[in-house]
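The lines below spell out each chain.
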Amino acid sequence: MGTLTHKAARAAFGKAIDTTLKHVQKDREAGLLQIVDLTEKFMGDQFRSESYEGARRMIRDQDSKWMQYVNRLLDELDPQVLKMTALNLGFEAAFHGTKTIRKMREVHQCNIPWLILMDPTSACNLHCTGCWAAEYGHKLNLTFEELDHIVTQGKELGIYFYMLTGGEPLMRKKDVIALCRKHNDCAFHAFTNGTLVDEAFCEEMKKMGNLSLSISLEGFNEVNDLRRGEGVFDRVMKAMDLLKKSGQLFGTSICYTSKNVETVTSDEFLDMIIEKGCRFSWYFHYMPVGNEAAPELLPSGEQREYMYHRIREIRGKEGGKQIYTMDFQNDGEFVGGCIAGGRNYCHINPNGDVEPCVFIHYSGANIREVSLLEALKQPLFMAYRDNQPFNENHLRPCPMLENPDILVKMVHETGAHSTDLQSEENVEHLCDKCREYAENWKPEAEALWEKQHFVQKGYCNYKKKSDDPSK
């Protein structure tokens, strides 16, 4: 009965989206207000009432930056992409999935993630300087059957959002398409170097509507190609042109370091990717992971504080740019700190190891040997659950980068082993590279946290230590 009710609700939501999208073309403001009403009807108190009212105010202000952004989405994205994004990322993942996940967390007494990041392959068509895939090569793959089984198990737990990394996930283009087609009720998102995007792939994406892309960039032509290879920047620009022409939803994935932090947040760079059709940009703080990592690429405290302010400036209601920017390390205030270890996400590498984070290569479970639920109950993940948040200051969220003693303790206490695909890395070796950075960032993070008078804004799916007398 529950499944029938779910299917009926999805069908009703889909029909309402169709009607609303037609309405949007005739009377955009009325159509968008109808979408907010529809969202409030289905989502209810999953969002605060102020959020719905804020959305309505924004829609009525047609000259505002974010309304211009929304209008560009409606004008430039393919209708199938718009509909499937609303259905799968909105209805399935945000509404139905979130409700199911919350219930499953209570039933199973463990972390159940909202999304799973998985690597179809270790293979890559490029040989970027400093990338393990360039050294390790094409040896490891999750079969289509394994990817399919992960998603099938995930949906039973309420997980409807799957991200694909690698290696280069589009080396497995055929299987990625097949996975999206089979699980057309899920949202998929691939992190790619962009060089394998062609017209045929864009047509397949358009038919399905449930696959979006993040394209890796290091900066402008010279800097990008110095690391990724001659001609790669131009190939990426061509891929963006194809995706924009096809009406696809895509953005960029940028690792910021001590060398490129200002370039990749400059007006010139942002204007370029916005013109190319990018709708969002993920910014990832450099992590000194692996025996060959370069700690000198860690941003300074001043550079990190610059990123904190700059990202908020870019996405502010006033000024900034018409692109949604996310800073994985500095946006902890919105999600309650570290989201890894299955709290909101986890990672499955191409060897099948179920890791707490794409940057934390330790595990005690392999998806080829245990079920997804058993992997989420492995000792390391339970240690994450017991210790989150790792710091009450959510500008110091990570058990490795800002709180290195915690990761060392958890790895030793749970017996987790190194799953680094290039060469095993001792947890002390990893965390020792972070200690100086953690100490330098601590006073700046504390001053910033205190100055801003932060209040927990995101969904808090852990027991606060202050609420637990045993802590």
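Our subject is the structure listed above.
Criteria and cut-off values
Residues numbered from 1 in each chain as written. Predicted model: local features only at pLDDT ≥ 70, side-chain atom pairs only at ≥ 80, totals over all residues. Heavy atoms only, no water. Helix = DSSP H or I, 4+ residues; strand = E, 2+ residues; numbered from the N terminus. Rg over C-alpha atoms; globule rule 2.2 N^0.38 Å. Buried < 20%, exposed > 50% of the residue type's maximum accessible area, 1.4 Å probe, protein only. Contact = heavy atoms within 4.5 Å. Areas by Shrake-Rupley, 256 points an atom, 1.4 Å probe, with all protein chains shown as cover. Lys, Arg positive; Asp, Glu negative; His and termini not counted. Charge placed at Lys NZ, Arg CZ, Asp CG, Glu CD. Disulfide = S-S within 2.5 Å. Pairing = 2+ DSSP bridges. Right-handed = clockwise from strand over helix to strand, strands pointing away. Core = buried A, V, L, I, M, F, W, Y, C linked by side-chain atoms within 4.5 Å. Phe/Tyr/Trp six-rings, centres within 6.5 Å; stacked < 30°, edge-to-face > 60°. Axes fitted to C-alpha atoms, helices over the stretch in contact; angles between N-to-C directions. Bend = angle between axes of the 7 residues up to and from the residue. Polar contact = N/O pair within 3.5 Å; in protein donor to acceptor, adjacent residues only side chain to side chain.

(A) Expanded view of the overall build of the protein. Secondary structure assignment for the protein yields 17 helices and eleven strands. A globule of 471 residues ought to have a C-alpha radius of gyration of about 23 Å, and the protein, at 22 Å, matches this closely. Across its three principal directions, the C-alpha atoms of the protein cover 60 × 55 × 50 Å. Out of the 471 residues in the protein, the part that is buried amounts to 59%. Within the protein, residue pairs in contact and separated by at least 24 positions form 74% of the contacts whose partners lie at least 6 positions apart. Roughly 20600 Å² of accessible area belongs to the protein as shown, and the carbon and sulfur atoms make up 53% of that amount. Computing the positive centroid from 57 side-chain charges and the negative centroid from 69, the protein places the two 7 Å apart.

(B) Quick look at the state of the cysteines. Following the criterion strictly, the structure yields zero disulfides and no others. The thiol of C346 is unpaired, and the distance to the nearest cysteine sulfur, on C357, comes to 10 Å. Of the cysteine sulfurs around C434, a residue in no disulfide, the closest is that of C431, at 5.9 Å. Residue C434 is classed as buried on the basis of its relative accessible area of 0%.

(C) Structural context of the pairing of strand β5 (residues 250–256). Among the seven residues that make up β5, six are buried, leaving the element largely enclosed by the rest of the structure. Two strands pair when backbone bridges link them, and strand β4 (residues 211–216) and β5 are joined in this way by four bridges, in the parallel orientation. In the strand pairing of β5, I215 is matched with T252. Strand direction decides the pairing type here: β5 and strand β6 (residues 280–285), joined by five bridges, are parallel. Looking at the pairing, C255 lines up with F284 of β6. One crossover worth recording links β5 to the parallel β6 by way of helix α12 (residues 267–275), and it is right-handed.

(D) Seen up close, the nonpolar core. Among the nonpolar cores identified, the biggest contains 143 residues, and I116, M118, L211, L213, Y384, M400 and L407 are the most heavily contacted of them. At ten residues, helix α5 (residues 79–108) tops the list of elements feeding residues into this core. Here M118 is in contact with L147, I150, V151, Y162, M163, L164, T165, L179 and I348, once residues within four sequence places are set aside.

(E) Looking closely at the packing of aromatic side chains. Under the definition given, this model contains 15 aromatic pairs. Centre to centre, the rings of F220 and F269 are 5.6 Å apart; their planes meet at 80°, and the pair counts as edge-to-face. Of this pair, F220 sits in the loop between β4 and α10 (221–228) while F269 sits in helix α12, and the two are 49 residues apart along the sequence. With a relative accessible area of 0%, F269 lands in the buried category.

(F) Region of interest: the sheet that holds strand β3 (residues 187–192). The nine strands are arranged β7-β6-β5-β4-β3-β2-β1-β8-β9 in an open sheet whose pairing can be described as mixed. Of all strands in the sheet, those bounded by a partner on one side alone are β7 (324–327) and β9 (354–355). For strand β1 (residues 115–118) and strand β2 (residues 161–164), the ladder comprises four bridges, and the chain directions are parallel. Its bridge partner lying in β2, L117 is registered against M163. In the packing of helix α13 (residues 301–314) onto the sheet, contacts are made with β5, β6 and β7, and the angle to β7 comes to roughly 155°.

(G) Local environment of α5. By the largest-angle criterion, G97 marks the main kink of α5, which is about 45°. Between the side-chain oxygen at the start of α5 and the backbone nitrogen of Q80 there is a gap of 2.9 Å, and the oxygen is on D78. Q109 occupies a position one or two residues after α5 and carries a positive phi of about 50°.

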